[in-house]
Amino acid sequence: MSEPRLVIGLISALHQEQSGLIEHMNAAQTTTCGMRNYVKGRLWDTDFICVLSRLGKVAAAATAATLIERFNVTHVIFTGVAGGIDSNVKVGDIVVADSLIQHDMNASPLFPRFEVPLSGLSRYPTDKFLTDQLVKAAEEFFQHDFKNQIDTADRSLFKLEAPRVHSGLIASGDEFIHSEKRRTDLKQALPNLLAVEMEGAAVAQVCFEFGVPFSVIRTISDAANENSPTDFVQFIERVAARYAFSTVKRLCGGN
Ligand code: ADE
């Protein structure tokens, strides 16, 4: 019997969160659909379709639906950066989502706050196997590749001393969180929340509705506070791509 076909749809919002991977692809073939480029090829013996969604939930949902319906991916992974919400989650740490929620979904009093109307759901769990594999890949990255991949200047600039891997709740919304007040309000409303970004929960909802296993891996670029606009830009320019490249490589069994 032949092995089941595995085709991973890999989404990032911005090119800085994925660059290096497309360049590394074998036999890459690009198709444009809905103003996005879907690049199909092989990475470390695994079939991938890489795409940049741009920012926000609508952009991410449209991209995920296209990957599933038009490109027939069997799994979806979102890789990118996030703002840290929990005080134990520091810049340079990696958060792999075990579930995702839309922090700006609020149809109350018709439906409970955060619940996606008529779905009965507010939290979308990620695929356990994929999530465990991503946690393992992130741990291997920190153990074996981190010091070679991130140079001393960047490690000292971002104070990346002993970065850690976390797994837990990520929230998404169409808002760049950049104040201590917004950070603490979100933490109060969602006490288990680890990190915040702008796409993951939209991808989660689409994948859930199509029955496609998915997960989300995010590197913390900023602390979702007043320094975030500067920290975010510096982080994505200098180090985000190297985190993505090495964790995807480790996920595929490369070393
Ligand atoms: N992605 C990275 N940092 C973020 C933040 N502070 N808010 C929303 N999305 C982010």
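Quantities reported herein were computed from a predicted structural model and do not represent experimental measurements.

(A) Quick peek at unusual backbone geometry. For the bond running from Ser-108 to Pro-109, omega is 10°, close enough to zero to count as cis. For Pro-109, the position within the fold is in the loop between β6 (94–102) and β7 (123–125). One non-glycine residue with positive phi stands out, namely Phe-114, at about 80°. Here Phe-114 shows up in the loop between β6 and β7. Positive phi, close to 55°, is recorded for Lys-159, a residue that is not glycine. Residue position: Lys-159 is located in the loop between α4 (152–157) and β8 (165–172).

(B) Structural context of the side chain of Ser-246. Structurally, Ser-246 can be placed in helix α8 (residues 240–251). In contact with Ser-246, not counting residues within four places along its chain, are Phe-141, Asp-145 and Gln-149.

(C) Local environment of the site of the ligand. Within the structure, the ligand sits among 13 residues, and Gly-83, Phe-176, Ile-177, Glu-197 and Asp-222 are positioned closest to it. For the ligand, a nitrogen atom lies 3.2 Å from a polar atom in the backbone of Gly-83. Ile-177 places a main-chain nitrogen or oxygen 2.8 Å from a nitrogen atom of the ligand. Summarising the interface, the protein chains cover 97% of the accessible area of the ligand, which totals 260 Å² for the free molecule. Of all the secondary-structure elements, those providing two or more residues to the shell around the ligand are β5 (75–84), β9 (193–197) and β10 (214–222). For the shell around the ligand, the element with the most residues is β5, which contributes three residues. Residues of the shell around the ligand, tallied by class, amount to eight nonpolar, two polar and three charged.

The rules we used
- Residues numbered from 1 in each chain as written.
- Predicted model: local features only at pLDDT ≥ 70, side-chain atom pairs only at ≥ 80, totals over all residues.
- Heavy atoms only, no water.
- Helix = DSSP H or I, 4+ residues; strand = E, 2+ residues; numbered from the N terminus.
- Contact = heavy atoms within 4.5 Å.
- Near = heavy atom within 4 Å.
- Polar contact = N/O pair within 3.5 Å; in protein donor to acceptor, adjacent residues only side chain to side chain.
- Areas by Shrake-Rupley, 256 points an atom, 1.4 Å probe, with all protein chains shown as cover.
- Nonpolar A, V, L, I, M, F, W, Y, C, P; charged D, E, K, R; others polar.

By themselves, these figures tell us nothing about what the structure is for.
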